[in-house]
Amino acid sequence: MSPRTSNVLNKNGEKGEALLANYLTRLGYECFSAPPKRFPDWDIKAITPEGRTVLIEVKLDVTGMFLRNKNGFNFYIEMFNTKQFEPSGIFKTKSDKYAYFFLMPDNTYRLYVFKTRELRNFLCENVDIPTTGNSVEGNAAGWLLPNTSLPKINHTLIKLDREGEYVDSLDYYISNDYSS
């Protein structure tokens, strides 16, 4: 998998993509990066061992678990570019899967994998999920999906080490068929 140019993608995004590509490669997938330009369609194109193509959007959150409180933690899911005044993030991606990494205090990663369409539909149908701007660049708005909503959304949860090596499945049985 070839890296994207660093002026297009932040270092956390590059790290998340590398972790996922390492993990999937160990499962027998062939992984390709998105083109080295602004490209909202997907981050990784993965070809399964059976030859199916899976497009994946990848997010890496390095602060979310450290900022959690007694009520849990949130996933930030971008939906709107406030500078260009147009849909972005989950509304622009053409991915099949939405992979969201959290860096944990023990320096491992939790990887949550959602079907993009199901996640987008869930967010649109649940008007009680709060929205906010992003604090980093100030150019987007997104949902703050609380982890307490996860039982209502089909997802897979995997624990990986710092290099993307599989450690454990945390909530669900993980099969080698990542595309389902």
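Structure first, text after, so check above.
Everything quoted here is computed from the prediction, not taken from an experiment.

Rules and cut-offs
- Residues numbered from 1 in each chain as written.
- Predicted model: local features only at pLDDT ≥ 70, side-chain atom pairs only at ≥ 80, totals over all residues.
- Heavy atoms only, no water.
- Phe/Tyr/Trp six-rings, centres within 6.5 Å; stacked < 30°, edge-to-face > 60°.
- Helix = DSSP H or I, 4+ residues; strand = E, 2+ residues; numbered from the N terminus.
- Buried < 20%, exposed > 50% of the residue type's maximum accessible area, 1.4 Å probe, protein only.
- Salt bridge = Lys/Arg side-chain N within 4 Å of Asp/Glu carboxyl O.

## Digging into the packing of aromatic side chains
Then, number 1: Taken as a whole and judged by the stated rule, the model has 14 aromatic pairs.
Then, number 2: Where F73 meets F102, the ring centres are 5.0 Å apart and the plane angle is 75°; that geometry is what we call edge-to-face. Of this pair, F73 sits in the loop between β3 (53–61) and β4 (74–81) while F102 sits in strand β6 (residues 97–103), and the two are 29 residues apart along the sequence. Across this residue pair, the class does not change: F73 and F102 are buried.
Then, number 3: Ring geometry for Y100 against F102: centres 5.0 Å apart, planes inclined by 40°, an arrangement best described as tilted. For the pair formed by Y100 and F102, the shared burial category is buried.
Then, number 4: Every member of this aromatic cluster is reached through a ring pair, and the members are F73, F75, Y100, F102, Y112 and F114.

## Remarks on the pattern of salt bridges
Then, number 1: This structure, assessed with the given rule, holds 5 salt bridges.
Then, number 2: Residue E50 pairs with R52 through a salt bridge whose shortest N-O separation is 3.1 Å.
Then, number 3: A relative accessible area of 37% places R52 in the partly exposed class.
Then, number 4: Residue K159 is joined to D106 by a salt bridge in which the shortest nitrogen-to-oxygen separation is 3.7 Å. Here the residue K159 occupies a position in strand β10 (residues 155–160), and D106 occupies one in the loop between β6 and β7 (109–115), the gap between them amounting to 53 residues.

These results come straight from atomic positions and should not be treated as a statement about function.
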